[in-house]
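Residue-level structure breakdown
What follows is the residue order along each chain.
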Amino acid sequence: MKPEPHAWQALQDHAARQLRGGFADRVLRSAHGPTAESWQQLFALGAVQLRIGFAERVLRAARNVPGVPSFLDQFVLSAGTAAVCALAVFLIQSHNTEIENEQNLASWQQIAMVAQDVDGGL
Amino acid sequence: MESTAANALADLVRRAQKGDEAAQRELIVSYQHRVAGFVYAMTGRSDYVEDLSQQVFIKMIRALDRLQAPAQFESWLFRLARNTCIDQLRRQKLRRIFLPFGEEHENIPEPAGAVDTEELDALRHALAQLRPQDRALLALVQEGRSHAEIGEILSTSVAAVKARLHRAREHLREHYQPHHET
């Protein structure tokens, strides 16, 4: 069995071997946070993602994007939709009323005929 | 010197507002790299950069006539960029809820060589851990926006910007571990 100081030394050596190279730099970087250069690199990396002719593509796309409807356009569309709906309701309602009237008239005619028959019998 | 540049920019914006396509093109060319960098910092995805930057500039062209103060063009443009990115990240989150795809389908790894340094990789990793609002805050500062401008962009006070920025920086530092092991 090794004497105790040896054991301590072995422990320390083992622990030291767990640290990868550049440990101090990494600690300092973590403590200070990202540097201005890292941010610059990040932004530069984003900038190189744009393909050549970007501005032309944007201008072409902007020309082809349909225009945003104005308030007046939206109002006219809403009023038109409301008018069509109201007309449809009116037509359906009058059609239903007409059918109902015809049915009522037929019923009354039937009642009147029955009443006439009863009167004739008396 | 600075005011000359500011005047030239305001002039360019005014011309673009009147529909001068050459001026619009000049604005896009002048800001495309900065907007692309901002979009990349916000999303961490190379494949989003072109599409989102294009969306930002299309919005810019369509809404330019509503910009009242041409001198505030830069703040206004970066507000558009921030909102476009946050909308995209929100849509992506919703898609993840409703579509039966795993996260691995959304987070396609960057192609080899795209991320070439340990610090950059660590920064991207740390940013990905933050809320999009905090990411936007830090990216806006890096973009050179002042606290007052950021306050205007976020519709909040300078004091609130400072407090949120402090918290965001703390969070970033917590997650910033070069050579992180996940």
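Residues numbered from 1 in each chain as written. Chains lettered and ligands numbered in written order. Predicted model: local features only at pLDDT ≥ 70, side-chain atom pairs only at ≥ 80, totals over all residues. Heavy atoms only, no water.

As a further point, take the overall build of chain B. Scanning chain B from N- to C-terminus turns up nine helices and zero strands. For chain B, the proportion of contacts with a sequence separation of at least 24, taken over those separated by at least 6, is 67%. When the accessible area of chain B is evaluated, it comes to approximately 9600 Å², of which 50% is carbon and sulfur surface. (Helix = DSSP H or I, 4+ residues; strand = E, 2+ residues; numbered from the N terminus. Contact = heavy atoms within 4.5 Å. Areas by Shrake-Rupley, 256 points an atom, 1.4 Å probe, with all protein chains shown as cover.)

Per the secondary structure count, chain A includes five helices and zero strands. Along the chain direction, N to C, the helices and strands of chain A fall in the order α-α-α-α-α. A burial count over chain A gives 16% of its 122 residues as buried. As displayed, chain A has an accessible area near 9900 Å², and 65% of this comes from carbon and sulfur atoms. (Buried < 20%, exposed > 50% of the residue type's maximum accessible area, 1.4 Å probe, protein only.)

Between its first and last C-alpha, helix α3 (residues 46-63) of chain B extends 26 Å over 18 residues, near the 26 Å set by a 1.5 Å rise per residue. Summarising burial for α3(B): 13 of the 18 residues are buried, a large majority. (Expected span 1.5 Å × (residues − 1).)

Residues and elements named next belong to chain B. Packing of α3 against helix α4 (residues 73-98) brings their axes to within 10 Å, and their N-to-C directions diverge by 130 degrees. Here α3 is positioned oblique relative to α4, judged by the angle of their axes. Crossing angle aside, the handedness with which α3 passes α4 is right-handed. Two secondary-structure elements touch here, α3 through Tyr48, Leu52, Gln55, Val56, Phe57, Lys59, Met60 and Ala63 and α4 through Phe73, Trp76, Leu77, Leu80, Ala81, Thr84, Cys85, Gln88, Arg91, Gln92 and Arg95. (Axes fitted to C-alpha atoms, helices over the stretch in contact; angles between N-to-C directions. Parallel < 35°, antiparallel > 145°, perpendicular 65-115°, else oblique. Left-handed = near helix turned anticlockwise from the far one by under 90°.)

There is a patch of nonpolar side chains on the surface, built from A:Phe71, A:Leu72, A:Phe75 and A:Val76 and spanning about 500 Å² of accessible area. Relative to the helices and strands, A:Phe71 resides in helix α5 (residues 71-121). (Patch = residues over 30% accessible without salt bridge, like charges linked within 9 Å, V, L, I, M, F, W, Y side chains within 5 Å. Salt bridge = Lys/Arg side-chain N within 4 Å of Asp/Glu carboxyl O.)

Residues and elements named next belong to chain B. Under the counting rule described, the total for this entry stands at 15 salt bridges over all chains. A salt bridge links Arg34 to Glu143; its shortest N-O distance comes to 2.8 Å. Of this pair, Arg34 sits in helix α2 (residues 21-43) while Glu143 is found in the loop between α7 (132-142) and α8 (147-154), placing the two residues 109 residues apart along the sequence. For Glu143, a relative accessible area of 10% translates into the label buried. Its salt-bridge partner being Arg124, residue Asp121 comes within 3.6 Å of it at the nearest N-O pair. Here Asp121 pairs with Arg124, and both are found in helix α6 (residues 118-129), just three residues apart, close to one helical turn.

Bringing the interface of chain A and chain B into the picture now. Facing the 32 residues of chain A at the interface are 42 residues of chain B. Both sides together, the interface formed by chain A and chain B hides about 3300 Å², and carbon and sulfur atoms give 67% of it. Together, A:Trp39, A:Leu42 and A:Phe43 form the three largest contributors to the area buried by chain A at its contact with chain B, with a combined 20%. Put simply, A:Glu56 and B:Arg25 hold a salt bridge, and the shortest N to O gap is 2.5 Å. Scanning the region where chain A abuts chain B turns up five residue pairs in polar contact (both at pLDDT 80 or more). Of all the elements in the fold, those that place two or more residues in the side of chain A that touches chain B are α2 (23-32), α3 (36-47) and α4 (54-64) of chain A. Sort the elements by how many residues they give to the side of chain A that touches chain B and α4(A) lands first, with nine residues. Along the lines of polarity and charge, the residues of the side of chain A that touches chain B split into 17 nonpolar, eight polar and seven charged. (Buried area = accessible area lost by both parts, 1.4 Å probe. Polar contact = N/O pair within 3.5 Å; in protein donor to acceptor, adjacent residues only side chain to side chain. Nonpolar A, V, L, I, M, F, W, Y, C, P; charged D, E, K, R; others polar.)

This brings us to the side chain of B:Thr43. Tracing the sequence through the fold places B:Thr43 in helix α2. When residues no more than four places from it in sequence are discounted, the contact partners of B:Thr43 are B:Tyr48, B:Leu52, B:Leu89 and B:Arg135.

All names here are of chain B. Its place among the elements puts Ile150 in helix α8. Residues Ile150 and Val161 lie 11 residues apart in sequence; the distance between their C-alpha atoms is 7.1 Å. Ignoring anything within four residues of it in the chain, the contact list for Ile150 reads Leu137, Leu140, Val141, Arg145 and Val161.

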